[in-house]
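Examination of the molecular architecture
Each chain is listed here by its residues.
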Amino acid sequence: MNRRAAGHTEWCGMDHRCGLGEHRSEEIVVDVAGRSRAVLVRVRTVAGREHAEVRVRVALAPGEVAARRQLVGLLGDLRQAVTRAAIAGRPRPRRAA
């Protein structure tokens, strides 16, 4: 675990974002003008656990049916992305020698 002054991590923003024992990275923003925006922040809690905090904003269609269809697709894609990230974080079983 690499830490800089005052216990901040190497990736920590080291400013007002850090508080209440948490360390937070600078925001990584993906912006599709007028359509969608995603913001990712790496967080280390006071207990030492690390998380990715993701906020997503997507423009919805004006019609209710189309908007619901978008939401269903978005939820499915988010579930797949979260599941894929969780699986990637699991330790791999050791191979027998």
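Small disclaimer: the values here were computed from a predicted structure and weren't measured.

**A closer look at the pairing of strand β2 (residues 28-32)**
Where β2 meets strand β3 (residues 36-44), five bridges bridge the pair, whose relative direction is antiparallel. The partner of Ile28 across the bridge, within β3, is Leu40. From the end of β2 to the start of β3, which pair antiparallel, there are three residues, and Gly34 there has a positive phi angle of about 75°.

**As for the confidence of the model for the chain**
Should pLDDT be low for a region, the predicted coordinates there are not to be read in detail. Per-residue confidence for the chain averages 84 on the pLDDT scale, and 84% of its residues sit at or above 70. Below a pLDDT of 50 lies the segment residues 1-5, which in the model reaches 12 contacts outside its immediate sequence neighbourhood of four places, other chains included.

**Topic: a nonpolar patch on the surface**
Together, Ile28, Leu40, Val54, Val56, Val58, Leu75 and Leu78 make up a nonpolar patch on the protein surface, roughly 570 Å² of accessible area in all. If you list the elements that add at least two residues to the nonpolar patch, you get β4 (50-58) and α1 (64-88). For Leu78, a relative accessible area of 35% translates into the label partly exposed.

**Examining the pattern of salt bridges**
Counted according to the given criterion, the structure contains eight salt bridges. For the salt bridge of Arg44 with Glu50, the shortest nitrogen-to-oxygen distance reads 2.3 Å. Between Arg68 and Glu64 there is a salt bridge, and its shortest N-O distance comes to 2.7 Å. In this pair, Arg68 and Glu64 both sit in helix α1, four residues apart, roughly one turn of the helix. The exposure class assigned to Arg68 is exposed, which follows from its relative accessible area of 54%. By sharing partners, the salt bridges in this structure join Glu22, Arg24, Glu27, Glu53 and Arg55 into a single network.

Rules used in this analysis
Residues numbered from 1 in each chain as written. Predicted model: local features only at pLDDT ≥ 70, side-chain atom pairs only at ≥ 80, totals over all residues. Heavy atoms only, no water. Pairing = 2+ DSSP bridges. Helix = DSSP H or I, 4+ residues; strand = E, 2+ residues; numbered from the N terminus. pLDDT = per-residue confidence, 0-100. Contact = heavy atoms within 4.5 Å. Patch = residues over 30% accessible without salt bridge, like charges linked within 9 Å, V, L, I, M, F, W, Y side chains within 5 Å. Areas by Shrake-Rupley, 256 points an atom, 1.4 Å probe, with all protein chains shown as cover. Salt bridge = Lys/Arg side-chain N within 4 Å of Asp/Glu carboxyl O. Buried < 20%, exposed > 50% of the residue type's maximum accessible area, 1.4 Å probe, protein only.

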